[in-house]
Amino acid sequence: VSSALPSGGTITTDALTSLSYFNIGTILVTVNDPTAVTATPFSASQIDVAYTPNGNGNNVVIVFNLTGSFTAPSGPPPAPGNPFAGGTLLSNSIVSPYAHTGLSMGTHYYYKLFSYNGTDYSTGVAVDATTLCGVTAAPWTQDFESGVFPPLCWTITPATPLLWNNSTGLAAGISGYGVGTASA
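On a predicted model such as this, the values are computed, not experimentally measured, just so you know. (Residues numbered from 1 in each chain as written. Predicted model: local features only at pLDDT ≥ 70, side-chain atom pairs only at ≥ 80, totals over all residues. Heavy atoms only, no water.)

Side note on the sheet that holds strand β8 (residues 98–101)
Phase 1 of the analysis: Spatially, β3-β4-β8 is the arrangement adopted by the 3 strands of the open sheet, whose pairing is antiparallel. Two strands bound the open sheet, and with one partner strand each, they are β3 (35–43) and β8. Across the sheet, the mean angle from the axis of one strand to that of its neighbour is 20°, orientation sign disregarded.
Phase 2 of the analysis: As paired elements, β3 and strand β4 (residues 46–52) share 6 bridges and run antiparallel to each other. Note on β4: the bridge partner recorded for Thr-40 is Asp-48. (Pairing = 2+ DSSP bridges. Helix = DSSP H or I, 4+ residues; strand = E, 2+ residues; numbered from the N terminus. Axes fitted to C-alpha atoms, helices over the stretch in contact; angles between N-to-C directions.)

See below:
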């Protein structure tokens, strides 16, 4: 706050009650992000999201989605499970790590963590992780006809050169994959 004397150089009691002689500035409030933010796959259905709250001990608001695109939060956070800041609210607390459960195996999840002081939010810290693949008991059969190759939780090593061929010109009822230099 700064003040200026009115013309004539005298401030009267009436002048003190008028804001016309005062310049009221904006106070910039900065909320620091949480630190040491990580997302660690724990199983085929769980990712643990860990962090250290900022120095003020502000709550940490965790949102997640499958795209990695988030928006700036505004207003008070809703209850967990509701849309918020371009994702779904997972948690609003200082409990770390947070176990995000009920997830799909082999799926990539994106998280953004914001500190919240009850009014303002920090800029946020983004992390991501992919759930682990489940354990499969042998013997089992893998369907390669879904049109997605390699199937979920399979990898091709080495990635190059990749010479897999899909057999599409065969007689009705016959299908399969041709021989390549890579194997699954």
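Looking at the environment of Thr-71
Phase 1 of the analysis: Mapped onto the secondary structure, Thr-71 falls in the loop between β5 (59–65) and β6 (83–84).
Phase 2 of the analysis: The spacing of Thr-71 and Phe-84 is 13 residues in sequence and 8.4 Å in space, taken between C-alpha atoms.
Phase 3 of the analysis: With near-sequence residues (within four places) excluded, Thr-71 lies in contact with Ala-85, Gly-86 and Phe-114.
Phase 4 of the analysis: Looking at Thr-71, its side chain comes within polar contact range of the main-chain nitrogen of Gly-86, at 3.1 Å. (Contact = heavy atoms within 4.5 Å. Polar contact = N/O pair within 3.5 Å; in protein donor to acceptor, adjacent residues only side chain to side chain.)

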